[in-house]
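Residue strings, one per chain:
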Amino acid sequence: MNSLYTYLFLAALLFSLGIFGVFQRRSLIGMLIAIELMLNGASINFMAFNRFLAPDPIVGQIYTLFIMGIAAAEAAIALSIIVAVFRRLRSINIERAQELRG
Amino acid sequence: MIPENFIQSNLQGISFIGPELILTLAILLILLVGVLLPYWRHRILFTILAVAGLAGSVLPLWKLPQPAPDLTYLSNLFVWDWLTFLSKPFFAVVGVLTILLTQVTGEIDNSEYSECTILVLAVTMGMMLLVASTDLLMIYLAFETMGILSYLLVGIRARDERSGEAALKYVLYGAFTSGTMLFGFSLLFGLAGSTDLLAISQKVAFASQHPQDRLLLIVAILFFLAGLLFKTASFPFHFWCPDVYEGAPTPITAFLSVGPKAAGFVLFIRLFYPLFATGHDATIYEAVSGLDWPSILALVSAITMTLGNLAAIHQNNLKRLLAYSSIAHAGYLLMGIVSLSDLGLRSVVFYLVVYLFMNVGAFAVVAMVASAGGSEEIDSYRGLGARAPYVCVAMAIFLFSLIGLPPFAGFVGKVYLFAAVIYKKIYWLAVVAALNTVISLYYYLRIVKAMFLEKPTETIQIQVPLSSRVLLLALLVPTLGLGIYWQPLARVVSGMF
């Protein structure tokens, strides 16, 4: 359990699940959750590298704190936009948003 | 226990972020005024505050010491070099032009106007921070400040159907690509054990000799290319661009097409040259051995410009057409990045300055015609030359400059870009770019033909207010002037690298 590769594997798994989710999900909320998974994968990477390879400056952990903050801001903005779109379409399916094309 | 000199050096470093601090003050002031005067019907107050904030933000720049490539401040988070020094006024100009364009076209309602100015200032602040950053953490934070707030700017007209959809697409693509970029950053951090670009660059040169580490480096590059290619609207992350540009309010489209795009290119220079290029032999760099990123980017550049130009041919909506044209221009600009020489970097910066004026100019005309009773469709430009001669001549000049015809500024910019790739003997890319310029002639001239050679469907004169005319003149002067007398700008730019 206590090896770098366990955590890197977990991070890569979360990240690829996130990418898979973004492409596979059609619900806007589902896509947003998938994007959060991608960010969490990166966070785990930062902390694992920090713990095992460069423990002295805790910059990896600080980076993760900032990622959490940014993720919260991003989710708030994305949700507010999704709500605005939902009011008009009465749906959170991405396929319904296709006014703009060509 | 914090050492005394640590506090001292950080206090001194604060004077270097003077522009950002002044912008923050302006944002707070506008916020306050917006709360105190909720039913204020005149936009001019907010416009004056915002423009004053942006103009004030460049003032502290002249008091600072001479820029130098190794002058870092605030614990090595930022660097004070010529690229930083010149980028900050550039973004201030972008912000001022956007605010003025919003003011004269009236495309954004009074109820949303104060928020709009706040967001433009905040995105400008993010761009200013981004170009100065030399730390992966600061780069990510500034990148997201710029990104997240511009999603809101696109969706600022909440009641408009297309604005909401554009914002939705922008936020989904943007969050996805920035997440991918972040994963690339985490791999780089793992490789170097530091977030400082200088420290990483030393590790990268070492790691590229080992096959295992080299693979990790290539994966990291591919991941964070996603974020950069998204911001610059290049292949394969360009899909959002036409939809977002069409749906967003036109002044915001103009802003996005020059601001974040220029910031993306500066980030390209910041990340690729210190990290993956070495051997600064007077003017030529060399890619770190084993990583052939210039060839990958050259391919991306060729595909981007071809895709953009071919897709633009069929467009009937002018904003959409200009969006594809801006994708094509991202391809041209990448030519300077792949050439791996000081000449290439100079030509990128030169072209960005020129592109600022001509592209904002083209979008400004679209916004003015739409707000004066026309529409964004190319049909409504039929015979417009007779109905609004001044605006149409201006549009023709901007379009000729975008094509790259002499004697306009776009020509000089293109000559530099072509010279950069030919100098490095990447002839195939120069040929592709030349062919693309010919393709682009077709769709740009289609607009000019509609304006001047086709019969008008209506005969009423279109009245463009005086303020709009003055703003157009302010954009025309550099577009023409830099085409005839570009040496001062070229001299400034050549001092940078």
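Caption draft 1: Here's a closer look at the overall build of chain A. A tally of helices and strands in chain A yields three helices and zero strands. Seen along its three principal axes, the alpha-carbon backbone of chain A occupies a region of about 50 × 25 × 25 Å. Relative to its full complement of 102 residues, chain A shows a buried share of 44%. Expressed as a percentage of contacts within chain A between residues at least 6 apart in sequence, the contacts between residues at least 24 apart total 57%.

Caption draft 2: Inspection of the overall build of chain B at higher detail. Scanning chain B from N- to C-terminus turns up 20 helices and four strands. For the C-alpha atoms alone, the extent of chain B along its principal axes is close to 70 × 60 × 40 Å. Buried positions account for 62% of the 497 residues belonging to chain B.

Caption draft 3: Seen up close, the interface of chain A and chain B. With 41 residues of chain A at the interface, the matching set in chain B holds 39 residues. Buried surface at the junction of chain A and chain B, both sides included, amounts to about 3,600 Å², of which 79% is carbon and sulfur. Scanning the region where chain A abuts chain B turns up zero salt bridges. On the surface where chain A and chain B come into contact, there are two residue pairs in polar contact (both at pLDDT 80 or more). At the level of secondary structure, the elements contributing two or more residues to the side of chain A that touches chain B comprise helix 1 (4-24), helix 2 (28-52) and helix 3 (59-89) of chain A.

Caption draft 4: Expanded view of helix 16 (residues 389-403) of chain B. Residues and elements named next belong to chain B. Look at helix 16: 21 Å from first C-alpha to last across 15 residues, which is about the 21 Å you get at 1.5 Å a residue. Most of helix 16 is tucked away: eleven of the 15 residues are buried. Looking only at helix 16, the buried set comprises Val391, Cys392, Ala394, Met395, Ala396, Ile397, Phe398, Leu399, Ser401, Leu402 and Ile403. On its buried face, helix 16 sits against helix 13 (318-338), helix 14 (342-371), helix 15 (384-387), helix 17 (409-423), helix 18 (427-452) and helix 19 (466-484).

Caption draft 5: Expanded view of the pattern of salt bridges. Residues and elements named next belong to chain B. Counted according to the given criterion, the structure contains 13 salt bridges over all chains. Between Arg162 and Glu246 there is a salt bridge; the shortest N-O distance is 3.3 Å. Here Arg162, found in helix 7 (residues 161-192), pairs with Glu246, found in helix 10 (residues 240-247); they are 84 residues apart in sequence, far enough to count as distant. Look at Arg162 and you get partly exposed, because its relative accessible area is 22%. Given the relative accessible area of 9%, Glu246 is considered buried. Lys319 is the salt-bridge partner of Glu376, the closest N and O atoms lying 3.5 Å from each other. You can see Glu376 sitting in the loop between helix 14 and helix 15 and its partner Lys319 sitting in helix 13, a full 57 residues away along the chain. On the basis of relative accessible area, Glu376 is assigned to the buried category, the value being 13%. Residues joined in a network through salt bridges with shared partners are Arg162, Glu165, Lys169, Asp243, Glu246, Lys319, Arg320 and Glu376.

Caption draft 6: The arrangement of the nonpolar core in detail. Phe185(B), Phe268(B), Leu271(B), Phe272(B), Tyr273(B) and Phe276(B) are the most contacted members of the largest nonpolar core, which totals 228 residues. The contacts of Leu271(B), once residues within four sequence positions are left out, are Ile139(B), Phe185(B), Leu197(B), Phe224(B), Leu228(B) and Phe276(B).

Caption draft 7: Molecular detail of the packing of aromatic side chains. Taken as a whole and assessed by the stated rule, the structure comprises 31 aromatic pairs over all chains. By the ring-pair criterion, three or more aromatic residues cluster together here, those being Phe16(B), Trp62(B), Tyr73(B), Phe78(B), Trp80(B), Trp82(B) and Phe85(B). Its guanidinium or amino end placed over the ring of Phe52(A), Arg51(A) lies 5.0 Å from that ring's centre, counting from NZ or CZ. Sitting above the plane of the Tyr113(B) ring, Arg43(B) keeps its charged end 4.2 Å from the centroid.

Caption draft 8: Local environment of the environment of Leu215(B). One can find Leu215(B) in helix 9 (residues 211-231). Sequence separation of Leu215(B) and Leu291(B) is 76 residues, and the distance between their C-alpha atoms is 9.3 Å.

Caption draft 9: Inspection of the packing of helix 16 of chain B against helix 18 of chain B at higher detail. All names here are of chain B. At their nearest, the axes of helix 16 and helix 18 sit 9 Å apart, and the two run at 175° to each other. Taken together, helix 16 and helix 18 sit at an angle that is classed as roughly antiparallel. In this structure, helix 16 contributes Cys392, Val393, Met395, Ala396, Leu399, Phe400, Leu402 and Ile403 to the contact, and helix 18 contributes Thr437, Ser440, Leu441, Tyr444, Leu445, Ile447, Val448, Met451 and Phe452. Looking at the contact of helix 16 with helix 18, its residues break down into 15 nonpolar, two polar and no charged.

Caption draft 10: The arrangement of helix 20 (residues 487-494) of chain B in detail. All names here are of chain B. Listed in full, the buried residues belonging to helix 20 are Leu489, Ala490 and Val493. End-on view of helix 20: buried residues confined to an arc of 100°, all on one side of the axis. In this structure, the buried residues of helix 20 make contact with helix 14, helix 17 and helix 19.

Caption draft 11: View of the packing of helix 9 of chain B against helix 11 (residues 250-276) of chain B. Residue and element names in this part refer to chain B. It is at 8 Å that the axes of helix 9 and helix 11 come closest, and there the two elements cross at 160°. It follows that helix 9 is roughly antiparallel to helix 11 by the angle criterion. Considering only the axes of helix 9 and helix 11, their crossing is left-handed. Here Leu217, Ile221, Phe224, Leu225, Leu228, Leu229 and Lys231 of helix 9 lie close against helix 11, whose contacting residues are Pro260, Lys261, Gly264, Leu267, Phe268, Leu271, Phe272 and Phe276. Its residues assigned to classes, the contact of helix 9 with helix 11 shows twelve nonpolar, one polar and two charged.

Caption draft 12: Quick peek at the state of the cysteines. Residue and element names in this part refer to chain B. One pass over the structure, following the stated rule, counts zero disulfides over all chains. Here Cys116 is not cross-linked by a disulfide; its sulfur's nearest cysteine counterpart is in Cys241, at 19 Å. Residue classification places Cys116 among the buried positions, given a relative accessible area of 1%.

Caption draft 13: Expanded view of the environment of Glu144(B). Here Glu144(B) lies in helix 6 (residues 136-154). Dropping the residues within four chain positions of it, Glu144(B) is found in contact with Ile70(A), Glu74(A), Leu149(B) and Ser178(B).

Caption draft 14: Main features of the side chain of Ser401(B). Relative to the assigned elements, Ser401(B) resides in helix 16. Ignoring any residue separated from it by four or fewer positions in sequence, one finds Ser401(B) in contact with Met358(B), Phe408(B), Ala409(B), Gly410(B), Phe411(B) and Thr479(B).

Caption draft 15: Region of interest: unusual backbone geometry. Residues and elements named next belong to chain B. In this model, Phe235 is joined to Pro236 through a cis peptide bond whose omega is -5°. Structurally, Pro236 is set in the loop between helix 9 and helix 10. In this structure, Pro407 follows Pro406 across a cis peptide bond, with omega equal to 5°. Of note, the phi angle at Ser75 is positive, near 55°, even though the residue is not glycine. Residue placement: Ser75 occurs in the loop between strand 1 (72-73) and strand 2 (78-79). Look at Ser75 and you get partly exposed, because its relative accessible area is 44%. Of note in this structure, Asn76 is not a glycine but carries a positive phi near 60°.

Each value, and the rule that gives it
Residues numbered from 1 in each chain as written. Chains lettered and ligands numbered in written order. Predicted model: local features only at pLDDT ≥ 70, side-chain atom pairs only at ≥ 80, totals over all residues. Heavy atoms only, no water. Helix = DSSP H or I, 4+ residues; strand = E, 2+ residues; numbered from the N terminus. Buried < 20%, exposed > 50% of the residue type's maximum accessible area, 1.4 Å probe, protein only. Contact = heavy atoms within 4.5 Å. Buried area = accessible area lost by both parts, 1.4 Å probe. Salt bridge = Lys/Arg side-chain N within 4 Å of Asp/Glu carboxyl O. Polar contact = N/O pair within 3.5 Å; in protein donor to acceptor, adjacent residues only side chain to side chain. Expected span 1.5 Å × (residues − 1). Core = buried A, V, L, I, M, F, W, Y, C linked by side-chain atoms within 4.5 Å. Phe/Tyr/Trp six-rings, centres within 6.5 Å; stacked < 30°, edge-to-face > 60°. Lys NZ or Arg CZ within 6 Å of the ring centre and 35° of its normal. Axes fitted to C-alpha atoms, helices over the stretch in contact; angles between N-to-C directions. Parallel < 35°, antiparallel > 145°, perpendicular 65-115°, else oblique. Nonpolar A, V, L, I, M, F, W, Y, C, P; charged D, E, K, R; others polar. Arc of directions from axis to C-beta. Left-handed = near helix turned anticlockwise from the far one by under 90°. Disulfide = S-S within 2.5 Å.

These values are about where atoms sit, not about what they do.
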